[in-house]
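Summary of the model geometry
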Amino acid sequence: MNLLNGRQVALAMGEWMWYIMGAFDQAHKEERNRFRHDGVTPHGIHSVFCATLVLHEPWLDFATRIKLFLILLFHDVIEDTRAGFPKGLSEDIRQVVLEEMTYLGGGKEEREQIWNKSPTARLAKLYDKYSNLLTTKPGAESWDKVPIHAAYIRKLADKVEEEHPRVLLNIVPMAQELAQRRENEYRLWERHSKVLDA
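Now for a description of the structure that goes with this document. (Residues numbered from 1 in each chain as written. Predicted model: local features only at pLDDT ≥ 70, side-chain atom pairs only at ≥ 80, totals over all residues. Heavy atoms only, no water.)

For the protein chain, the helix and strand inventory stands at nine helices and zero strands. Each helix and strand of the protein chain, ordered N terminal to C terminal, gives the series α-α-α-α-α-α-α-α-α. The proportion of buried residues among the 198 residues of the protein chain is 42%. A sequence separation of at least 24 residues applies to 65% of the contacts in the protein chain between residues at least 6 apart. Roughly 10,700 Å² of accessible area belongs to the protein chain as shown, and the carbon and sulfur atoms make up 54% of that amount. (Helix = DSSP H or I, 4+ residues; strand = E, 2+ residues; numbered from the N terminus. Buried < 20%, exposed > 50% of the residue type's maximum accessible area, 1.4 Å probe, protein only. Contact = heavy atoms within 4.5 Å. Areas by Shrake-Rupley, 256 points an atom, 1.4 Å probe, with all protein chains shown as cover.)

Written as structure tokens, this is what we have:
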């Protein structure tokens, strides 16, 4: 993709966001991955949220933000839809998504293997995990895993900060604060549940 100016970038981004929403809409119609683990957020919103969140990083250079935008926009398309990649998506974006962002063995495999991937993949994964934890709520299927996910996000944020020492990334303190907040909510929920069970 050889984009020359901001207007061309914006047009391509809009076109590909429609592609993603269409892919997840089709998966929804096929009763596959209709909602995020919170049970209410449409699945395609996650990829769009992650992708647009990275655009709010003023300390990242423009080319890096666009690359991360594309990685995050397509990071779940292979695992969760039948759409595949659109024509015109560069090979380097496809490669990062397929080889560094996709873990068919699940979360445990990801938490073990991410440290062997590129700093770009780890940064993209931090946005992905932030969004996942953001939509986790008490009683949801993934709620029991909050301590594991919060610890993972904290470790990932620390590594990302270490790998980008000259860049003040918004996602690092946001992820650390969210991890702490979810851990506190989890402890309160656990205590409350024990009181109700007694």
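So, on to the packing of aromatic side chains. Counted under the stated rule, the structure contains three aromatic pairs. Here the aromatic rings of F74 and F85 are separated by 6.4 Å at their centres, their planes lie at 70 degrees, and the arrangement is edge-to-face. One end of the pair, F74, is in helix α3 (residues 62–74); the other, F85, is in the loop between α4 (77–80) and α5 (91–101), with eleven residues separating them in the sequence. Comparing F74 with F85, the two get one shared label, buried. Both rings, one in W143 and one in Y186, keep their centres 5.9 Å apart while their planes meet at 45 degrees; by these two values the pair is tilted. Placement of W143 in the loop between α7 (119–134) and α8 (146–163) and of Y186 in helix α9 (residues 171–197) is noted, with a sequence separation of 43 residues between them. With respect to class, W143 is no different from Y186; both count as buried. (Phe/Tyr/Trp six-rings, centres within 6.5 Å; stacked < 30°, edge-to-face > 60°.)

With that out of the way, let us pick up the nonpolar core. Within the largest apolar cluster, 42 residues are counted, with the highest numbers of intra-cluster contacts made by L72, F74, L123, L126 and I171. Of all elements in the fold, only α2 (43–54), α3, α5, α7, α8 and α9 reach the threshold of two or more residues within this core. No other element matches α3, which puts eight residues into this core. For L123, the residues in contact, after removing those within four places along its chain, are L60, L68, V160, H164, L169 and I171. (Core = buried A, V, L, I, M, F, W, Y, C linked by side-chain atoms within 4.5 Å.)

Moving on, we come to the pattern of salt bridges. Using the criterion set out here, one finds nine salt bridges in the structure. Residue E162 pairs with K159 through a salt bridge whose shortest N-O separation is 3.3 Å. Of the two residues, E162 and K159 both sit in helix α8, three residues apart, roughly one turn of that helix. Under the relative-accessibility criterion, K159 is labelled partly exposed at 26%. (Salt bridge = Lys/Arg side-chain N within 4 Å of Asp/Glu carboxyl O.)

Let's shift gears to the packing of α3 against α5. Packing of α3 against α5 brings their axes to within 9 Å, and their N-to-C directions diverge by 55 degrees. The orientation of α3 relative to α5 falls into the category oblique. For the pair α3 and α5, the sense of crossing is right-handed. Along the contact surface, α3 presents K67, L70, I71, L72 and F74, while α5 presents D92, I93, V96, V97 and M101. A class-by-class count of the residues in the contact of α3 with α5 yields eight nonpolar, no polar and two charged. (Axes fitted to C-alpha atoms, helices over the stretch in contact; angles between N-to-C directions. Parallel < 35°, antiparallel > 145°, perpendicular 65-115°, else oblique. Left-handed = near helix turned anticlockwise from the far one by under 90°. Nonpolar A, V, L, I, M, F, W, Y, C, P; charged D, E, K, R; others polar.)

Its location among the elements puts A151 in helix α8. For the pair A151 and A179, spaced 28 residues apart in sequence, the C-alpha separation works out to 7.3 Å.

Another point: α2. In an α-helix, one turn spans 3.6 residues, which is why side chains three or four residues apart end up on the same side. Burial analysis of α2 places nine of its twelve residues in the buried class, which makes it a mostly covered element. When α2 is considered as a whole, its buried residues turn out to be H43, G44, H46, S47, V48, C50, A51, L53 and V54.

Packed helices, taken two at a time, are described by the angle between their axes plus the distance between the axes. The N-to-C vectors of α2 and α3 enclose an angle of 170 degrees; their axes lie 8 Å apart at closest approach. On the basis of the axis angle, α2 is roughly antiparallel to α3. Residue-level contacts link S47, V48, C50, A51, T52 and V54 of α2 to R65, L68, F69, L72 and L73 of α3. Among the residues forming the contact of α2 with α3, the class breakdown is eight nonpolar, two polar and one charged.

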